[in-house]
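So you can see what is in the structure, the chains are spelled out below.
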Amino acid sequence: MRTLLAGIAAGLMATAAPVLAQTTIIHADGIVTDASEPVKGRVTVTVTDGRIVSVEDGWQGVPDGAEMIHLEGKTLVPGLIDLHTHLSGDPSGEFWRAATTPPEWSVLVAAKNAHITAKAGFTTVRDVGSRTDQVMQMLGRATEQGMLPGPRVVTSGRTIAIVGGHGDINGFRREVNDSLGTSFSCTGPVECAERVREASKYGADLIKITATGGVLSQQGRGLEAHFTDAEMRSIVTTAESLGLKVAAHAHGARGIEAAARAGVHTIEHGTYLDEAAAKAMRENGTTLVPTLMAFEGIKDNLGTGFYTPVVEDKIRAVSEYAGTIVERARRWNVNVAFGTDAGVFPHGENAGEFALLKANGMSDRDALASATTGAAQILGMEGEIGRIAPGYSADIIAVEGNPLEDVTVLEDVDWVMVRGRVIE
Ligand SMILES: [Zn+2]
């Protein structure tokens, strides 16, 4: 008996020994550690338990028990950040599917798109609007645990809109609208504050509002300001009291201006940005997330019957302004950060935004910064993501070529690691 107990004790001792840290050694032929630094040559990056522990010149040896990843001919770049996605949806002109598709479908669509998005080099997304309550929070949990391959997810959950506005359910008869029960709209400062607290209660990482009308919804009330100033101020102060930032979808110039003055942190789209709206953004430290890919994506289906007439009219109205949004923002010194509106166009094509930013006069270096250090700052995660440096999360991609000379090389990403896990 005595020896048996001793044996069991010895067995317990063996299993209680500290679990060895998992270390990965990455060799590559070049590295951009930070969009503000020049590209460097041969490098060894050591990753332990999901974190970067060292970045050394040359190809260093591989310690016993470490995993080796050899990326000859490739340049390592910080994982990309898209500040505007809708992973739980795919492009569709069939708004009525809201009445026929159960929420379970959105979960599967989100899982599929998470993988596609990570494969494209986007290791963090800020997902700003899904139809069901917690699909994106749960997706974020699954990718964090490594249960599903995908990016880190920062999400607003659902979008807060005015009654009948962009983001509310529109286009159905009353009984159908009522039975869908997925509206997240509000009227007046008190009710709008309540929606913000509700979003927070169910795990939102930020608040998304539709400050103006929107293009792809069935609402036909224009693209200008929809919330009152008092409602927007209530939303922003309530969000800030909970430690949350506010992202405001806005097309019309007066809607952009009002949202910036109310203190929202980012303006999404910014289509009709004018000098007065830009001044309001500058004075309030508001950043523009231009989503140029969305405008490209929706133009492709014009005149094909893909969209309803009310949507088709709005697309024609915004199309002529889309090509100059970033040019105007830059002219008036508005800060720009990277976001695409993936979901309006097919997921995985996010990096197409880089060429459009360049066409608007942005340098390769500034475009890369907008999707790395700049976007990390918007998320308040500048000490965690956006750079390849000791202490940072191991969110790393590999490409051929130098993105500081031609940022469009990021359209073709060869290898991706999110939180130390390679995306197969
Ligand atoms: Zn969007």
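Within any chain, residue numbers begin from 1 and follow the written order of that chain's sequence. Only residues with pLDDT of 70 or above have their local features reported here, since the model is predicted, and side-chain atom pairs are shown and tallied only from 80 upward, although totals for entire chains, interfaces and linings are computed over all residues. Neither water nor hydrogens contribute to the side-chain values; these are computed over all heavy atoms in the structure.

Q: Teacher, can you tell me more about the pairing of strand β1 (residues 23–31) here?
A: A regular strand carries its side chains on alternate faces of the sheet. Buried, partly exposed and exposed residues are distinguished by accessible area as a fraction of the type maximum, computed with a 1.4 Å probe on protein chains only: under 20%, between the cut-offs, and over 50%, respectively. For helices the rule is a DSSP run of H or I covering at least 4 residues; for strands it is a run of E covering at least 2, with both sets numbered from the N terminus onward. Counted residue by residue, β1 has eight buried out of nine residues, so it is predominantly covered. Pairing of β1 with strand β2 (residues 43–48), which is carried by six bridges, proceeds in the antiparallel orientation. Bridged to I26 within β2 is V45. Where β1 lies against strand β4 (residues 67–78), seven bridges are found, and the strand directions are parallel. Following the sheet pairing, I26 is matched in β4 by I69. When DSSP finds two or more bridges between two strands, those strands count as paired.

Q: Would you explain the nonpolar core in this entry?
A: Within soluble globular proteins, side chains that are nonpolar tend to cluster in buried spots. For the purposes of this section, nonpolar cores are sets of buried Ala, Val, Leu, Ile, Met, Phe, Trp, Tyr and Cys residues that join through side-chain atoms within 4.5 Å. One finds I207, I209, F227, I267, F354, L368 and L410 to be the most contacted residues of the largest nonpolar core, which totals 80 residues. Domain start and stop positions are those given by an automatic or database domain assignment. Structurally, this core is a two-domain feature, drawing no fewer than three residues from each of domain 1 (18–78 + 387–422) and domain 2 (80–350). Once residues within four sequence positions are removed from consideration, I267 is found in contact with A248, A250, I256, A259, M281, T286, T287, L288 and V289. With 18 residues, the next largest nonpolar core counts A28, A389, A394 and A398 among its residues. Pairs of residues are marked as contacts when any of their non-hydrogen atoms sit within 4.5 Å.

Q: What's the story with the domain arrangement of the protein in this structure? I'm lost.
A: Many structure descriptions define interface size as the accessible area lost when the parts assemble. When the domains of the protein are assigned, the result is domain 1 (18–78 + 387–422) and domain 2 (80–350). Relative to domain 2, the C-alpha centre of domain 1 lies at a distance of 32 Å. With 11 residues of domain 1 at the interface, the matching set in domain 2 holds 14 residues. Each reported salt bridge corresponds to a side-chain nitrogen of Lys or Arg within 4 Å of a carboxyl oxygen of Asp or Glu. Inspection of the domain 1/domain 2 interface yields one salt bridge. A salt bridge links D395 to R152, with the shortest nitrogen-to-oxygen separation between them at 2.6 Å. Any N or O atom pair separated by 3.5 Å or less is treated as a polar contact, with the protein-specific requirement of one donor-capable and one acceptor-capable atom, and with residues adjacent in sequence counted only for side-chain atom pairs. The tally of links between domain 1 and domain 2 comes to five residue pairs in polar contact (both at pLDDT 80 or more). If you tally residues by element for the side of domain 1 that touches domain 2, the top one is strand β14 (residues 413–418), at four residues. The residue inventory of the side of domain 1 that touches domain 2, partitioned by class, reads seven nonpolar, one polar and three charged. Polar here means any residue other than Ala, Val, Leu, Ile, Met, Phe, Trp, Tyr, Cys and Pro, which are nonpolar, and Asp, Glu, Lys and Arg, which are charged; Gly is therefore polar.

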